[in-house]
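Chain by chain, the residues:
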Amino acid sequence: MSRRRTLSTKKKIALLVSAATVAGGGAFALAATSNAASVQNAQSSTVCAGLATALGNNQKFIEGQRAAPDAQSEARIANREAVIAQIKVQQEASNCAVGESAQDSQTAPQQPAQSAPAQAAPVPSAPAQSAPANNAGGGAATGQQVCNGSTVTLSGEGGAPAASSNQFPAGTKLKVTNLDNNKSTTVEVTSVSGSCVLLNNAAFEQVREPGKFLIRKARIEKVG
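Analysis parameters
Residues numbered from 1 in each chain as written. Predicted model: local features only at pLDDT ≥ 70, side-chain atom pairs only at ≥ 80, totals over all residues. Heavy atoms only, no water. Phe/Tyr/Trp six-rings, centres within 6.5 Å; stacked < 30°, edge-to-face > 60°. Lys NZ or Arg CZ within 6 Å of the ring centre and 35° of its normal. pLDDT = per-residue confidence, 0-100. Contact = heavy atoms within 4.5 Å. Helix = DSSP H or I, 4+ residues; strand = E, 2+ residues; numbered from the N terminus. Buried < 20%, exposed > 50% of the residue type's maximum accessible area, 1.4 Å probe, protein only. Polar contact = N/O pair within 3.5 Å; in protein donor to acceptor, adjacent residues only side chain to side chain. Pairing = 2+ DSSP bridges. Disulfide = S-S within 2.5 Å.

S.K.: Please explain the packing of aromatic side chains as it appears in this structure.
M.R.: A ring pair, where both rings are aromatic, is described by two values, the distance of the centres and the angle of the planes. The tally for this structure, following the rule as stated, stands at zero aromatic pairs. Across the ring face of F213, the terminal group of R208 is positioned such that the distance to the ring centre comes to 4.8 Å.

Structure below.
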């Protein structure tokens, strides 16, 4: 006569708990992998959008120079074509669509009275010009706020921190604050571009978030 081996109630419970733990661990691993992929895709999308905006702004600048050339237009166009070539290299390295272009939509003329109250005493000297980690998020504005709603990206140009603009002449000082990390930089406009403010590489590095080529939430102030 054969004996049937039966599991005690305690052993059955232990086996059930073990199986549930393994299944739960697998589900957690799948969820973590899915979340990581979503974050990576979002970051990649932001990088590609920033590069496309930078490319579009440079193309728009070249179009403007060709439409109304002057003695320096040929040199400016050659410079911007080199910048565009570098942006395309960055697009390829970031797995973006090479050559994808998107121009900044902020092309409306400047509204001088936009910002108005309590700005009767701006600080023209703005000594924080070279302070990359200046926390300006909670302080009062140091100048007239302009270009509300504009995004800020980079031109791809080298050299000391500087900016280009389609609204402010050379010599104008603009303070750009990245509201996502409260970093700001004050730079001088040195050339013309297709958007309110286009920062060169050195200036953009002072306020950027790692891996991003576009500042979506920016405060731009005219300080000189």
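S.K.: How do you make sense of the confidence of the model for the protein chain when you look at a structure like this?
M.R.: Should pLDDT be low for a region, the predicted coordinates there are not to be read in detail. The predicted model of the protein chain averages 73 in pLDDT, with 62% of residues at 70 or higher. Here residues 105–141 is modelled with pLDDT under 50, and outside its nearest four sequence neighbours on either side it reaches 54 contacts, counting other chains as well.

S.K.: I would appreciate a short explanation of the side chain of N178 in the present structure.
M.R.: On the secondary structure map, N178 appears in strand β5 (residues 173–178). The buried category is assigned to N178, whose relative accessible area is 2%. Engagement of the side chain of N178 in a polar contact is seen with the backbone oxygen of V207, the distance being 2.9 Å. Not counting chain neighbours up to four residues away, the residues in contact with N178 comprise K183, V207, R208, E209, I215 and K217.

S.K.: Quick question: what am I supposed to make of the pairing of strand β6 (residues 183–192) here?
M.R.: Within a regular beta strand, the side chains point alternately toward one face of the sheet and then the other, so they alternate between its two faces. Bridge count between strand β4 (residues 163–165) and β6: three bridges; the pairing is parallel. Across the sheet, the residue bridging to A163 is V189, located in β6. Pairing of β5 with β6 involves six bridges; the strand directions are antiparallel. Looking across to β6, one finds that K173 is bridged to E188. Hairpin connection, β5 to β6: the antiparallel pair is bridged by four residues, and N182 has positive phi, about 60°.

S.K.: Sorry if this is basic, but what is going on with the state of the cysteines here?
M.R.: Note on terminology: a disulfide is the covalent bond linking the sulfur atoms of two cysteines. Summed over all chains, the structure comprises two disulfides. One disulfide in the model links C48 with C96; its S-S distance is 2.0 Å. Where C48 bonds to C96 through sulfur, the torsion about that S-S bond is close to -85°, and the disulfide is left-handed. Of the two residues, C48 sits in helix α1 (residues 9–67) while C96 sits in the loop between α2 (73–93) and β1 (134–135), which places them 48 residues apart along the sequence. Considered together, C48 and C96 belong to a single accessibility category, that of buried residues. There is a disulfide in this structure between C147 and C196, and the S-S distance comes to 1.8 Å. In this structure, the disulfide formed by C147 and C196 twists by about 80° around the S-S bond and is classed as right-handed. You can see C147 sitting in the loop between β2 (144–146) and β3 (152–154) and its partner C196 sitting in the loop between β6 and β7 (198–199), a full 49 residues away along the chain. In terms of burial, C147 and C196 fall into one category: buried.

S.K.: Quick question: what am I supposed to make of the pairing of strand β9 (residues 218–222) here?
M.R.: Across the five residues that make up β9, a large majority, four, are buried. Sheet analysis places β2 next to β9, joined by three bridges and oriented antiparallel. Along β9, the bridge assignment pairs Q145 with E221. Here five bridges tie β5 to β9, and the two strands are oriented antiparallel to one another. In the sheet register, K175 faces β9, and the bridge partner there is E221.

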